[in-house]
Amino acid sequence: MIDDHGAQLGVLRIEEALDLAQSRNLDLVEVAPTASPPVCKILDYGRFKYEQTKREREARKGQKQLVLKEIWLRPNVSSHDRIFKTHQIQHFLEAGDKVKVTVRFRGRELAHPELGRTLLGLVADDLKDYANLEKPAQMEGRAMTMIVAPGKAIQKLLAGAQAPKPAAAPNGAAPQPAAAAAGAPSERQPVASPVRPPQPVA
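Residues numbered from 1 in each chain as written. Predicted model: local features only at pLDDT ≥ 70, side-chain atom pairs only at ≥ 80, totals over all residues. Heavy atoms only, no water.

**Things to note about the pattern of salt bridges**
- Summed over the entire model, instances satisfying the criterion amount to 9 salt bridges.
- Put simply, Asp 3 and Arg 24 hold a salt bridge, and the shortest N to O gap is 3.7 Å. You can see Asp 3 sitting in the segment before helix H1 (14-23) and its partner Arg 24 sitting in the loop between H1 and strand E1 (27-32), a full 21 residues away along the chain.
- For Asp 125, the salt bridge is made with Lys 128, and the minimal N-O distance between the two is 3.9 Å.
- We classify Asp 125 as partly exposed; its relative accessible area is 44%. (Salt bridge = Lys/Arg side-chain N within 4 Å of Asp/Glu carboxyl O. Helix = DSSP H or I, 4+ residues; strand = E, 2+ residues; numbered from the N terminus. Buried < 20%, exposed > 50% of the residue type's maximum accessible area, 1.4 Å probe, protein only.)

**Focus: the confidence of the model for the chain**
- Here the chain averages 79 in pLDDT, while 74% of its residues score no lower than 70.
- Across residues 177-195 the pLDDT falls below 50, and counting only partners more than four positions away or on other chains, this stretch makes 3 contacts in the model. (pLDDT = per-residue confidence, 0-100. Contact = heavy atoms within 4.5 Å.)

**Focus on the pairing of strand E3 (residues 68-73)**
- One ladder, built from 6 bridges, connects E3 with strand E4 (residues 98-104); its direction is parallel. Paired with Lys 69 across the two strands is Val 99, which belongs to E4.
- After leaving E3, the chain enters helix H3 (residues 79-94) and then returns to the sheet as E4, a path that is right-handed. (Pairing = 2+ DSSP bridges. Right-handed = clockwise from strand over helix to strand, strands pointing away.)

**Some words on the side chain of Glu 109**
- Its location among the elements puts Glu 109 in the loop between E4 and helix H4 (113-126).
- Classification of Glu 109 as buried rests on a relative accessible area of 19%.
- Here Arg 106 takes part through its backbone nitrogen, which lies 2.9 Å from a polar atom of the side chain of Glu 109.
- If we ignore the near neighbours within four places in the chain, the residues touching Glu 109 are Arg 74, Pro 75, Asn 76 and Arg 104. (Polar contact = N/O pair within 3.5 Å; in protein donor to acceptor, adjacent residues only side chain to side chain.)

**Some points on H3**
- Taking 1.5 Å of rise per residue, 16 residues should cover 22 Å, and H3 covers 22 Å from first to last C-alpha, within 8% of that figure.
- At the C-terminal side of H3, Gly 96 shows a positive phi close to 90°. (Expected span 1.5 Å × (residues − 1).)

**What to know about unusual backbone geometry**
- Cis geometry marks the peptide bond from Ser 36 to Pro 37, where omega comes out at 0°.
- With respect to the helices and strands, the residue Pro 37 is situated in the loop between E1 and strand E2 (39-43).
- A positive phi angle, close to 55°, is found at Asn 25, a residue other than glycine.
- Structurally, the position occupied by Asn 25 is in the loop between H1 and E1.

What follows is the structure, encoded as structure tokens:
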């Protein structure tokens, strides 16, 4: 038995432990049921659960939640639709997610599983620069699936997206084109036309 201050109270009968917990307006919680004898502690169970949930939430903050997305295709999909779906898969991969590519068969299409295998092969070939094939094409019931995961090229793609910023001009002034810096007229500075003397009227 452990009280609410962490002090060891030794082995008590269940009735004595319950009376002690009730006298302190707290709960009697079994914290080690597999011990011999079981270990119980006097505490505020509501606060205990709140702190436990808070610790679990804090532990999950720094973890990347891996999501398995899914894209569906038909065996007779057009090349345009296949390319569109491939771009969707690439977008998911760039976000760091795995993608399950599924080809669904209907009716007589089940007699030609090679169509799905060929289609998944084309998709895998389109994504060879962005993805790793984690699970090859495999028949599952009335569908054929494969799973792709982000490849090393994704990291290079994200690194290339961070373009260097242009250098700031001295004294905090905005950079100007070379012509404007040399004193040449720009579009914002119209050139004054020469003044002509008045002509006599005939």
